[in-house]
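# Secondary and tertiary structure notes
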Amino acid sequence: AQSVAQPEDQVNVAEGNPLTVKCTYSVSGNPYLFWYVQYPNRGLQFLLKYITGDNLVKGSYGFEAEFNKSQTSFHLKKPSALVSDSALYFCAVRDGTASGGSYIPTFGRGTSLIVHP
Amino acid sequence: DTGVSQNPRHKITKRGQNVTFRCDPISEHNRLYWYRQTLGQGPEFLTYFQNEAQLEKSRLLSDRFSAERPKGSFSTLEIQRTEQGDSAMYLCASSRGTGGEQFFGPGTRLTVL
C-alpha cells in the first residue's frame, strides 16, 4: 500500500520570501516521488521528481525538493516566492521497485499556496 | 501545453443519461491513465492502459464505467446511467518509460443535474 500526506491545506507566504510545501509518504518498496502544480480549471503540470541519486532535486520554475528517507518526506521548496506561484500543489508517490512495483501513483489532497504581494 | 487533449471540456447532463469522454495522449506515450478529481481532493485513480491493454481498474470504477483504448492510441471513458455523485473533473494523463512523470490533459468537467 502507498499513501501521501500533505499536512497543510493552505500555505501563505509573502512575495520574495522562501516557501516550503510539506509532503510525507508511505510506500512498501522504492519511492518514486513527484510534485505537480495545478492552476485553476487546468490539468496538473509536472514540476519535479525523485527516483534515485541526489537527495536534492531541482525542477521547473525555480522549485526544488529534498528527499529525506529517514523522515519519509519530500518537501517542496523555493528560495523566493512569486505571486504567480499561487496555485494548488500535489505530491504523489508510487512504488518503483523493479519487480512488484506499480505504475499507478497515489496523490495527496493538495496544498493551496497563496503568495501575497 | 502538455500535448494531452481531452474533449469535451465541459459536459452537463441529466441523471440517468450516458456520457462519453475522449482523451488523446502524447503520441509516443504507451501508458494512459484516467483519474477523477473532486473539489478539495487530489486525483483519484480510475483505470490504466499500457498500449491497448487495460491493466488495472480501481474499485471506484463501478460497472457503470467503462474505458477503452483501441489500437493503443486515444481512449474513451463512458459513464452509463449517470448519477449526481458522478459530478467531478475527469482527468486523463499519459506517460512513458519506467520512471516517467505523467502529462495531464486539461480535464473534462462533468455536471450531473
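Everything here concerns the structure above.
Values in this document were obtained by computation on a predicted structure and should not be read as measured data. Residue positions are given per chain, counting from 1 as you read along its sequence in written order. Ligands are numbered from 1 and chains lettered from A, in the order in which they are written. Reporting in this predicted model follows two pLDDT cut-offs: at least 70 for local features of residues, and 80 or more for side-chain atom pairs to be given and counted; totals over whole chains, interfaces and linings ignore these cut-offs and use all residues. To get the side-chain values, take all heavy atoms of the structure and skip hydrogens and water.

## Considerations on the nonpolar core
- In terms of nonpolar packing, the biggest core is built from 27 residues, with A:Trp35, A:Leu47, A:Leu48, A:Phe74, A:Leu76 and A:Tyr89 touching the most fellow members.
- By definition, any uninterrupted DSSP run of H or I lasting at least four residues is a helix, any uninterrupted run of E lasting at least two residues is a strand, and each is numbered from the N terminus. Elements supplying a minimum of two residues to this core: strand 2 (10-14), strand 3 (19-21), strand 5 (31-38), strand 6 (44-50), strand 8 (64-68), strand 9 (73-78), strand 10 (87-95) and strand 12 (111-116) of chain A.
- Broken down by element, the residue count for this core peaks at 4 residues, all from strand 10 of chain A.
- We call two residues in contact whenever any of their non-hydrogen atoms come within 4.5 Å of each other. With sequence-adjacent residues up to four places away left out, A:Leu76 is seen in contact with A:Leu19, A:Thr20, A:Val21, A:Trp35, A:Leu47, A:Leu48, A:Phe63, A:Glu64, A:Ala65 and A:Tyr89.
- Among the nonpolar cores identified, the runner-up in size contains 19 residues, and B:Val19, B:Leu46, B:Phe65 and B:Ile79 belong to it. Residues belong to a common nonpolar core when they are buried Ala, Val, Leu, Ile, Met, Phe, Trp, Tyr or Cys residues joined through side-chain atoms within 4.5 Å. Three exposure classes are used, based on accessible area relative to the maximum for each residue type with a 1.4 Å probe and protein chains only: buried under 20%, partly exposed in between, and exposed over 50%.

## Considering the interface of chain B and chain A
- With 23 residues of chain B at the contact, the number on the chain A side is 19 residues.
- Carbon and sulfur atoms make up 54% of the area that chain B and chain A hide from each other, which totals about 1700 Å².
- We define a salt bridge as a side-chain nitrogen of Lys or Arg found within 4 Å of a carboxyl oxygen belonging to Asp or Glu. The interface formed by chain B and chain A includes 1 salt bridge.
- Between A:Lys49 and B:Glu101 there is a salt bridge, and its shortest N-O distance comes to 2.8 Å.
- N or O atoms closer than or at 3.5 Å make up a polar contact, with two conditions inside protein: a donor-capable atom paired with an acceptor-capable one, and, for residues adjacent in sequence, both atoms drawn from side chains. Across the contact surface, chain B and chain A share 5 residue pairs in polar contact (both at pLDDT 80 or more).
- Secondary structure elements with two or more residues in the side of chain B that touches chain A: strand 4 (31-37) and strand 5 (44-50) of chain B.
- Per element, the largest residue contribution to the side of chain B that touches chain A is 4 residues, and it comes from strand 4 of chain B.
- Only Asp, Glu, Lys and Arg are considered charged, only Ala, Val, Leu, Ile, Met, Phe, Trp, Tyr, Cys and Pro nonpolar, and every remaining residue, Gly among them, polar. A class-by-class count of the residues in the side of chain B that touches chain A yields 8 nonpolar, 10 polar and 5 charged. Values labelled buried area give the accessible surface lost by two parts on being combined, using a 1.4 Å probe and summing over both.

## Comments concerning the pattern of salt bridges
Residue and element names in this part refer to chain B.
- Summed over all chains, the structure comprises 8 salt bridges over all chains.
- For the salt bridge of Arg 36 with Glu 44, the shortest nitrogen-to-oxygen distance reads 3.9 Å.
- Notably, a salt bridge pairs Asp 86 with Arg 64, separated by 2.8 Å at the nearest N-O pair. In this pair, Asp 86 sits in the loop between strand 8 (75-79) and strand 9 (88-95) while Arg 64 sits in the loop between strand 6 (53-57) and strand 7 (65-68), placing the two residues 22 residues apart along the sequence. Here the two residues Asp 86 and Arg 64 agree in accessibility, since each one is buried.

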